[in-house]
Amino acid sequence: MSWNPTDYQFAWNVVWQYRFWLLEGTLLTLKIAAVSMTLAMIFALPLALLRMSRLRFLSGVAMIYIAVLRAIPLLVFILWMYFGVTLVTGLQVDAFGAGVICLTLQYSAWLAEIYRAGLQAIDKGQREAALSTGLSQSRAFAKVIWPQAWRIIIPPLASNFIGIIKDSSLVGVIGLNELMRQAQIADSLSFRPFELFTAAMVIYIILALIISPLASLVERRAARSLSVQTRRATRTRRSLGAAA
Amino acid sequence: MDGSFTSVSADTQAGAGPLLELKEAHKSFGHVDVIKGVSLTVRKGEHVVIFGPSGGGKSTLLRMMNLLETPDSGTLTFEGKQYFPRMDSVLNRHRVLQQLRSQIGMVFQRFNLYPHLDALHNVTLSLTDVKRMSRKAARLKAEASLAEVGLKDRMDHYPSQLSGGQQQRVAIARALAMDPKVMLFDEPTSALDPELIGEVLGVMERLAREGMTMVVVTHEMGFARRVGDRLVFVSEGVIAESGGKEILSTPGEDRTKAFLEAVL
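My aim in this report is to walk through the structure given alongside it, one point at a time. (Residues numbered from 1 in each chain as written. Chains lettered and ligands numbered in written order. Predicted model: local features only at pLDDT ≥ 70, side-chain atom pairs only at ≥ 80, totals over all residues. Heavy atoms only, no water.)

Things to note about the environment of B:L67
Residue and element names in this part refer to chain B. Threshold: Runs of E in the DSSP output that reach at least two residues are strands. Runs of H or I that reach at least four are helices, and both are numbered from the N terminus. We call two residues in contact when some of their heavy atoms are within 4.5 Å.
Its location among the elements puts L67 in the loop between α2 (58-64) and β4 (73-78). L67 sits 28 residues away from S39 along the chain, and the two C-alpha atoms are 15 Å apart. Among all residues touching L67, those that are not within four sequence positions of it are L76, Y83, F84, L97, L100 and R101.

This is the structure we're talking about:
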């Protein structure tokens with residue numbers, strides 16, 4: 001049996017026709033992703049430190065948080081947060097807030113594990129050297145450990161940023177006019193799913209392609225020296241990258 | 001069996017009073033007793049060399065001197081002030097620890113230079129951060145320290161761009177720049193290729209001649225003989241024997257004799 005194409009007539013001009021819709025959606029997608037990622041990056045640090053705490057209770061709480069949040073399907077989480085939680089608590093959370101909260105909470109769990117892996121890749125001797133010269137615990141962290149861990153963390157952070165952009169397409173279900181939903185609405189008006197979703201797909205790809213070289217640039221600036229530590233870091237990074 | 005050796009605290013060397021004093025220190029990791037009641041006094045200007053078999057507790061003993069390792073019991077006194085057990089409040093504890101460590105330089109077996117900073121900034125970090133020196137003053141001080149270890153022309157090199165011997169000399173400069181009252185060396189040449197050991201020992205010998213108080217854990221028995229005022233043989237968590245250079249040629253203890261026969 002041979003392939004039997006329909007006599008579908010392409011009409012790429014719909015993409016042009018709806019260009020401002022798609023652009024508007026892209027900007028909102030970027031805004032959601034950027035806000036959520038920033039908040040997740042901040043929130044993940046104390047979470048990672050709790051997870052690494054020697055106090056079992058604290059590390060246990062962090063471990064449970066991470067395990068639970070990673071297990072929830074994002075779509076379920078978003079619907080639960082926007083329709084369920086607001087109904088039960090009576091809190092008026094708008095769609096943007098609900099979407100950002102869900103993405104932030106879930107990604108902070110992923111990022112905390114990435115931070116932890118990065119921090120644990122730093123040789124114990126680094127901290128000891130810093131403490132032995134009289135640095136406080138917090139200064140040793142800020143000036144010696146974190147700057148080294150940071151450059152291990154950058155590449156998996158970049159893949160997670162790409163991930164958060166893609167996952168932001170789910171917040172369309174609660175009525176946020178991000179890129180995916182704009183394409184859907186345009187489709188419902190024009191009945192041109194192939195053209196419009198292709199356009200959306202291409203835009204997502206372009207966003208991802210922009211982020212990768214940006215991340216490499218940041219990484220190169222952070223890691224100007226190659227050393228035993230960096231080589232060890234590269235191995236960790238590969239395993240992290242594979243996991244992300 | 002540990003009681004019999006603990007009294008060998010070996011106070012030779014005339015001179016000033018004790019600078020650093022560890023008394024009846026005990027430390028165990030899990031079920032393993034690593035240090036079983038060691039007392040050791042370091043006087044100002046003295047060069048103490050600690051040697052002995054691997055796993056005997058040498059490094060742990062050294063690391064207790066700046067409380068990088070906390071003893072389970074015993075006391076640590078530095079310049080007449082007791083730092084362990086700590087009398088101060090929890091809030092003050094970290095500051096007191098910092099105060100102790102900023103006066104004691106330490107050099108590690110694996111250098112532990114900061115790989116993300118060049119040689120100069122490896123040295124200036126604690127000058128600006130702990131000693132609160134201005135950047136300019138810290139730079140001058142660090143340059144002087146690096147010059148002292150012969151690396152003034154390598155200031156802008158990152159650790160990865162330096163040989164092992166050079167890295168260890170930067171590590172010495174980093175400790176030295178803090179103007180420590182005593183320097184602790186934890187097997188400073190054990191991670192080095194044989195041809196690079198000399199340059200590090202050379203720097204250490206010059207420091208010793210200049211009167212720096214030093215405690216050195218090492219397997220370099222030649223260095224021990226040349227520099228050591230007091231040699232301390234640590235085995236199975238106790239000071240099994242200590243004394244002047246003569247214990248290298250005529251050890252009084254069978255354990256010392258057996259160890260020296262194995263390494264020499």
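Past the structure itself, the notes keep going.
What about the packing of helix α4 (residues 119-129) of chain B against helix α6 (residues 164-176) of chain B?
Residues and elements named next belong to chain B. Using the following cut-off: Fitted lines through C-alpha atoms serve as axes, helices being fitted only where they are in contact, and the angles separating the N-to-C directions of these axes extend from 0 to 180 degrees. Any angle that falls under 35 degrees is termed roughly parallel, while one over 145 is termed roughly antiparallel, one within 65 to 115 roughly perpendicular, and all others oblique. It is the rotation of the near helix from the far one that decides the hand of a crossing: anticlockwise by less than a right angle makes it left-handed, clockwise makes it right-handed. In this classification, Asp, Glu, Lys and Arg are treated as charged, Ala, Val, Leu, Ile, Met, Phe, Trp, Tyr, Cys and Pro as nonpolar, and every other residue, Gly included, as polar.
Packing of α4 against α6 leaves a shortest axis separation of 8 Å and a crossing angle of 25°. With respect to α6, the axis of α4 lies roughly parallel. Helix-helix and strand crossings are classified by hand; for α4 and α6 the assignment is right-handed. Together, A119, N122 and V123 of α4 and V170, A173 and R174 of α6 make up the contact between the two elements. Taken together, the residues of the contact of α4 with α6 sort by class into four nonpolar, one polar and one charged.

So, helix α7 (residues 194-209) of chain B
All names here are of chain B. The condition that has to hold: In this analysis, the expected span of each helix is defined as 1.5 Å times one less than the number of residues it contains.
The end-to-end C-alpha separation of α7 is 23 Å, in line with the 22 Å expected for 16 residues at 1.5 Å each. For α7, the elements touching its buried residues are β3 (47-51), α6, β7 (182-186), β8 (214-217) and α8 (221-227). Positive phi shows up at G211, right after α7, with a value of about 100°.

Some details on the interface of chain B and chain A
We apply this condition: Values labelled buried area give the accessible surface lost by two parts on being combined, using a 1.4 Å probe and summing over both. Definition used for salt bridges: Asp or Glu carboxyl oxygen within 4 Å of a side-chain nitrogen of Lys or Arg. Between N or O atoms, a polar contact is any pair within 3.5 Å; within protein, one atom must be a potential hydrogen donor and the other a potential acceptor, and residues adjacent in sequence are included only when both atoms are from side chains.
Contacts between the two partners involve 24 residues from chain B and, on the opposite side, 25 residues from chain A. With both sides pooled, the region where chain B packs onto chain A buries about 2000 Å², and carbon together with sulfur makes up 55% of that total. Along the contact surface separating chain B from chain A lie three salt bridges. Linking chain B to chain A there are nine residue pairs in polar contact (both at pLDDT 80 or more). Of all elements in the fold, only α3 (90-101), β6 (104-107) and α4 of chain B reach the threshold of two or more residues within the side of chain B that touches chain A.

Here's the deal with the nonpolar core
Nonpolar side chains in soluble globular proteins tend to be buried together. As a reminder, the rule being used: Buried Ala, Val, Leu, Ile, Met, Phe, Trp, Tyr and Cys residues form a nonpolar core when they are joined through side-chain atoms within 4.5 Å. Using a 1.4 Å probe on the protein chains alone, a residue whose accessible area is under 20% of its type maximum counts as buried, one over 50% counts as exposed, and one in between counts as partly exposed.
Counting 99 residues, the largest nonpolar core has B:I50 and B:V215 as its most contacted members. B:V107, B:A171, B:M183 and B:I197 belong to the second largest nonpolar core, which has 38 residues in total.

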